[in-house]
Every structure is written in structure tokens, then in C-alpha cells.
Amino acid sequence: MAEDKKAELLCDDVTFLISRNIDGDLNRSETIQLHRHIATCEQCRASMSQLSELESSMQNLSTVYQEASLSPDFSQSIHDTLSKKKKQTNITDKTTSLFQYWRKWRFFSDNLKPAFGILGAFVVLSLSLLFWQQGMFEQAPSYQRFVVHDIPLRTAVDTVAWNQQHTILPSQTIRLIIRESHSNPYFFKVSSLNSVRFSVDHNQMVGKTNGFQELQLNGIRYITLKNPRADDFVHIRNHGAHPISVKTFSYGPQAIQADFR
Amino acid sequence: MVLIILKRKRNDVFFKHTQNVMINSRSNLDIAEPDLKPANDHELIQRVRSGDLQSFDPLVARYQNQVYCFILKYVPVRAAEDLAQDTFIAVYENLDTFKGDSKFSTWIYGIAMNKVRNYLNRAPEQRFKHDSADYLLEKQSQEISPLEQLEQAVEIKYLLGQLPPDLKESIVLVSLEGLSYEETASVMSIPIGTVRSKVFRARQILKDIIKEQES
């Protein structure tokens, strides 16, 4: 009696069984239960026939679709696409292996970082020592420091009126002796058509604000005496094989006396 | 002395070369032997896995129309071929993940299903709208199949479009593709009980819509 009660199904459960029955999902006892209920319930019978109709329409739809087919070249096009991809992957693999190599190297270099640091520092130190010895770190004189009446040298050399001009022959020395002191600087312009090789001897202090300064501008050597005093001298000796031209600027043409040795 | 070594080396190279030629000719002979038995899916899959791209062609040829028909039920004709192509490329690329627990066709269905879902997510309007590029409508205009049959098919297709996507997926797989509940569960990656209830609910909704239309 209890089993019969258990076997009795509600209509909602039966519709679920009907759906499963269409798909062949019922076991033997479920099938018996379903048929027993259908035999007595008109509503479920109607529901079953509706679902069967729906299913046959679905089968019809399925049949229509079965006619659809892809072109016979389809598999060939897949083949071509995959071959292309495979080639690309091979290239990527190579790149990956390069990347791995780089990673290995990075691992190696990371572990040797202190050693690389020491080596780098050693190289920098030795190079700087070498350059220092060669005098490469000595600051080149800047024409900005040469100021004549508040005019920068670059402008001054263009506008200055040179008082005297001399030519120093090879292995000759010119002695330029100051006769009149002055608070403003005197100039010497040393130039040649060829490369210039000469030495300068003087009795002035070398400094930024006072005394003797030398500057090379556009291949021409300029010498300034910031505070020229009487009996100061500048000797210029030509060591080259070509004559050198020396122009002087002073306040008064007799302020500098020149002779040769 | 050097000359003797060079001569020896040259002989070695020559010997190796002839050996290679012999080996090559032998392997050519092997390939030339006609393969009378069509290989089954498992054999072909093994060959593809070992790097033989040629063996993938028969697999594609075997399943291409089945996959195409399945995809056509969801998307317009113009997109279906592209999706079929994407599906087979994905099949090739993921072949190593196929464990053989389910049928190969079921596994392909799963991949195709994902491709369709991605497509519909990008173009959700395709879900409900009847596209002019719909396979059935195109067929109707060609009038190749019996018109009545086509009309009924169009109507059912339209009704299927009214279903929520997950219900549509399940009923298409079960009723149209003829997959078992178990296979459908595997394709959709859901429990078998959920498939049963989804198919049931889909049928109920379809039945109700038809009833409404009739009344």
C-alpha cells in the first residue's frame, strides 16, 4: 500500500518524465510509472502528444540543417592556416630560446654583480688616471673670462685697433717689453697661415682675474696682460718652420717696445 | 699525412651521404605504400600529436559538416564558416588536452559551443533577431527543399530564439544534435541533472508559446 502511494506521481513530475522519455532517459520502472499515469490522466496524455509534436518539428528542423555542408576545400584551408601558424610558432620558439638565453645570462650577471662593479670601477679609475696624465681634464680657457671694458673678448678682438704688427721668423724670439703701466689689459694676437708652434715666456702672474692669460679662439692665440706694469715682458719664440705674425694692442703706441733676438 | 687524413674524411663523408640516400629512399618506399584501412580517430589524434599535420586533414573532413551544421543553428551563414574554422584551429591547438574520456565529436562540440558563445557575446543582437543571412531563410529563397517543411523549420527556429541562451543550448544539443544527456553535460560542462531540467524547462516554454500562438 505504501509502495503504491510512493508510485503515485503528480502531473508536474510526469511532464518531467515525458521530457526524459522523449530522449530515452527513463529506466524500466520509470517507464512503467509513466505509462500507468498516462493511462489514467487525460491532461498528461494531451501534454505528451503536444511534446511529441514539438519533438517531430525539431526533428524536421534537424533534417533541414543536415543538408548544409562546407566546401570540400575547407580541410585544405585549415591545413594551410595551421602550416602558416606552425611556421610562426617555430620563429616564436627561436625567440623564446633567445629570451631564455638572455635570462640565463641575466641570472649569471646578477650573481656576479659585485665582481662587475669592482671591474667597472677599476676601468673607470685607470682611464681617468690616464686622461689626467694626458691633461685631458684641464679646463680649457673660456673667452668669456677675457673681458675688455666689459666687452667679451670675442667682440673685443673684432673691434680692437691693433697698434703694432711684427713677424717672427722661424727660431726667432720677439721680446715685448711694457713701457707704460695701465689699469686696462694689453692684448697680443699670435697667428700664422700654417700651424703655430711657439713658446711664451713672461714675468707676470698667471690667474683668472689678474696677470697673464692665454686663449685659443678660432685657431688664433690671444694673450692678455690684465694689469700691465712697466718692465713686464713677454717673450715669444717661434719653434715652427713658418713665420708667425704678432699684433699688439696697448694704450699708446709706445707702451710696448719690441725687439728680436 | 695530412693528405691521407683528408682522403679518409672525404671517404667518410661520401659513405655517410650514400647511407643517407639509402635511408631516405627506404623511408620514401614506406610512405608510398598505400594505406588501405582508414585510420580511426584515436590513431589520427596520436599521429597529429606526434607532429604529423597531414593526419589532421581526415579528422577535419570527418567532422567539418557536423560542426558546421551545429554552428549554423546559432549564427548567420556568413559567420558560421569562420567559426567552424576557428573551432578546428582550436581543436588542433588543444589536442593535447583531449583525454579521451568522451567521444572526440563531443569534445569538438564543446569547443564549437564556446566559439558560438563568444560570437554571441560579441553580437548579442544575433540571438533573437532573424538575420537575413539565416541558413533557413536563404534556403527558403532558393526553394530547394519542400516549402512546408521549411516553413515549419523556420517557425521552430524562431521559437528557439525566444529561449534563454542556456536552455536553447541544451535543447539544441539534445533534440537537434541527438546527443545524450551525459554527452550534453560534458559539452556544456554542467551536471547531468541540470541538463535534464534545462531540456524539460525549454520544452515547457516552447509548448506554452505554441499554445499561446494557437489561442
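This text goes with the structure placed above it.
Residues numbered from 1 in each chain as written. Chains lettered and ligands numbered in written order. Predicted model: local features only at pLDDT ≥ 70, side-chain atom pairs only at ≥ 80, totals over all residues.

A. The overall build of chain B, seen in detail. Across its full length, chain B holds ten helices and zero strands. Of all 215 residues assigned to chain B, the portion counted as buried reaches 32%. Of all intrachain contacts in chain B linking residues separated by at least 6 positions in sequence, the fraction that spans at least 24 positions is 59%. (Helix = DSSP H or I, 4+ residues; strand = E, 2+ residues; numbered from the N terminus. Buried ≥ 20, exposed ≤ 12 C-beta atoms within 10 Å, placed from the backbone. Contact = placed C-beta atoms within 7 Å.)

B. Expanded view of the sheet that holds strand β9 (residues 233-238) of chain A. Residues and elements named next belong to chain A. Ordered in space as β6-β9-β4-β11, the four strands form an open sheet in which the pairing is antiparallel. Since the sheet does not close on itself, it has two edges, and those belong to β6 (198-202) and β11 (256-260), each with one partner. Across the sheet, the axes of successive neighbouring strands diverge by a mean angle of 15°, strand direction being ignored. Bridge analysis of strand β4 (residues 173-178) against β11 gives five bridges, and the strand direction is antiparallel. (Pairing = 2+ DSSP bridges. Axes fitted to C-alpha atoms, helices over the stretch in contact; angles between N-to-C directions.)

C. Broad picture of the interface of chain A and chain B. Counting from both sides, the interface comprises 29 residues of chain A and, opposite them, 38 residues of chain B. Counting only elements with at least two residues in the side of chain A that touches chain B, the list comes to α2 (11-22), α4 (42-66) and α5 (74-111) of chain A. The greatest single-element share of the side of chain A that touches chain B, amounting to twelve residues, is contributed by α4(A). When grouped by side-chain class, the residues that make up the side of chain A that touches chain B number twelve nonpolar, twelve polar and five charged. (Nonpolar A, V, L, I, M, F, W, Y, C, P; charged D, E, K, R; others polar.)

D. Geometry of the nonpolar core. Core analysis: the biggest nonpolar cluster contains 68 residues, and Ile71(B) and Ala112(B) have the highest contact counts within it. The element that contributes the greatest number of residues to this core is helix α3 (residues 56-72) of chain B, accounting for ten residues. In this structure Ile71(B) touches Ala80(B), Leu83(B), Ala84(B), Ala112(B) and Val116(B), once residues within four positions along its chain are discounted. The next biggest cluster of nonpolar side chains, apart from the first, holds 18 residues, and it includes Ile168(A), Leu176(A), Ala255(A) and Ile256(A). (Core = buried A, V, L, I, M, F, W, Y, C linked by C-beta atoms within 7 Å.)

E. Representation of unusual backbone geometry within the structure. Residue and element names in this part refer to chain A. For serine 171, which is not glycine, the phi dihedral falls at a positive 60°. Residue placement: serine 171 occurs in the loop between β3 (164-168) and β4. Among the residues examined, serine 171 registers 10 C-beta atoms within 10 Å and is labelled exposed. Backbone geometry places aspartate 231, a non-glycine residue, at a positive phi of 75°.

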